[in-house]
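Fold and contact review
Here is what each chain is made of, one letter per residue.
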Number of protein chains: 2
Amino acid sequence: MSQFGDYIRNRREELQKAKPSIFSLRKVAQEANIEPSYLSKIERGLQPPPGQATIEALALVLEEDKDVLLALAGKVSDDLSKIIQKRPKLFAGLIRELKDMPDKAVLRLVREVRDGEW
Amino acid sequence: MSQFGDYIRNRREELQKAKPSIFSLRKVAQEANIEPSYLSKIERGLQPPPGQATIEALALVLEEDKDVLLALAGKVSDDLSKIIQKRPKLFAGLIRELKDMPDKAVLRLVREVRDGEW
DNA sequence: CATACTGTGTAGTATATACTACACACTCCA
DNA sequence: TGGAGTGTGTAGTATATACTACACAGTATG
């Protein structure tokens, strides 16, 4: 039931398969400046997700998107915060729509947005 | 600099103009089951935003979207969390795009999504 | 002018957050 | 077979969170 923990454990193990010497729990913890035992507990959901600074450090080490990691930890990134602040109603509407939107439609939407069609 | 506080104070005062007797700080605090002084401090940003339960109570009283209020408080709602969990990459992409997307494009996007064109 | 509201300041507290420190058990391989 | 590496368990702590309780000052109304 620990989204954040599961996510980073999966990600780390994935990287570890490719480069075992770099992505052990101890090495990753060291890179992120936290105790290995602490990271272990976070990955297994025995500890709530860490603070913003630590999450961003982990995002860097694990080559992950910090907005996603923060969100999985139940925290809102500064970028997302600015978007919501600027257009709260858009944000509320988007959540309502995305909840039930089929994947295919979402993918097409994102592709078009990215390609500047909007 | 207190997004959450500013937002709910504006909202409350707006409602207060229409119905002064119902939307005083004291009445709203009472409805949300918190101390008036606490709400006062939150509205002025002297106190960090309250917990999830209190935010949802305030959303109800102030007739606001709870996803927005939670996000302004730096917290991720369950609905948003589910979306991110299901499609982390979509979410990351969406944030990147929305940051610089002009309002007109966003509005058109949302309208179309809402109308089922997606 | 009293009393009934408005919002605010000060002081305090239980619980959760965000970690550290270090010992322990296991596996691998030289 | 022993040392280097893997992850984990227990114990503890400073700081922040998420509030309560209540006294106080101002305004408005009867």
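All of the points below concern the structure found in this document. (Residues numbered from 1 in each chain as written. Chains lettered and ligands numbered in written order. Predicted model: local features only at pLDDT ≥ 70, side-chain atom pairs only at ≥ 80, totals over all residues. Heavy atoms only, no water.)

All right, on to the overall build of chain A then. Broken down by element type, chain A carries 8 helices and 0 strands. Here chain A holds 118 residues, and the buried ones make up 47% of them. Sequence separation of at least 24 residues holds for 48% of the intrachain contacts in chain A that already meet a minimum separation of 6. Accessible surface computed for chain A: about 6,600 Å², of which carbon and sulfur atoms make up 49%. (Helix = DSSP H or I, 4+ residues; strand = E, 2+ residues; numbered from the N terminus. Buried < 20%, exposed > 50% of the residue type's maximum accessible area, 1.4 Å probe, protein only. Contact = heavy atoms within 4.5 Å. Areas by Shrake-Rupley, 256 points an atom, 1.4 Å probe, with all protein chains shown as cover.)

Before going further, it helps to examine the side chain of B:Arg11. Residues and elements named next belong to chain B. Looking at where Arg11 falls in the secondary structure, it is placed in helix α1 (residues 3-18). At 3.4 Å, the side chain of Arg11 and the backbone oxygen of Glu63 are in polar contact. Not counting residues within four places of it along the chain, the set of residues in contact with Arg11 comprises Leu62, Glu63 and Glu64. (Polar contact = N/O pair within 3.5 Å; in protein donor to acceptor, adjacent residues only side chain to side chain.)

Another point: the nonpolar core. Considering soluble globular proteins, one finds that nonpolar side chains tend to be buried as a cluster. Formed by 64 residues in total, the largest nonpolar core has its most connected members in A:Phe4 and B:Phe4. If sequence neighbours within four positions are ignored, A:Phe4 has contacts with A:Ile42, A:Pro49, A:Pro50, A:Ile55, A:Leu58, A:Leu69, A:Leu72 and A:Ala73. (Core = buried A, V, L, I, M, F, W, Y, C linked by side-chain atoms within 4.5 Å.)

With that settled, consider the pattern of salt bridges. Residue and element names in this part refer to chain A. Overall, the coordinates contain 10 salt bridges over all chains when judged by the stated rule. Taking the shortest distance from any N to any O, the salt bridge between Arg11 and Glu64 comes out at 3.7 Å. Placement of the pair is Arg11 in helix α1 (residues 3-18) and Glu64 in the loop between α4 (52-61) and α5 (66-72), with a sequence separation of 53 residues. Given the relative accessible area of 21%, Glu64 is considered partly exposed. Each member of the salt-bridge network shares a partner with another, and the members are Arg9, Arg12 and Glu43. (Salt bridge = Lys/Arg side-chain N within 4 Å of Asp/Glu carboxyl O.)

Residue and element names in this part refer to chain A. Around DNA strand D sit 24 residues, and of these Arg26, Ser37, Ser40, Lys41 and Arg44 come closest. What you see for DNA strand D is that sugar and phosphate hold 53% of its atoms within 4 Å of the protein. Here a phosphate oxygen of DNA strand D sits 3.1 Å away from a polar atom, N or O, in the side chain of Arg9. Between Ser24 and DNA strand D, the recorded distance is 2.9 Å, taken from a side-chain N or O atom to a phosphate oxygen. (Near = heavy atom within 4 Å.)

Any functional reading would require information that these geometric values do not contain.
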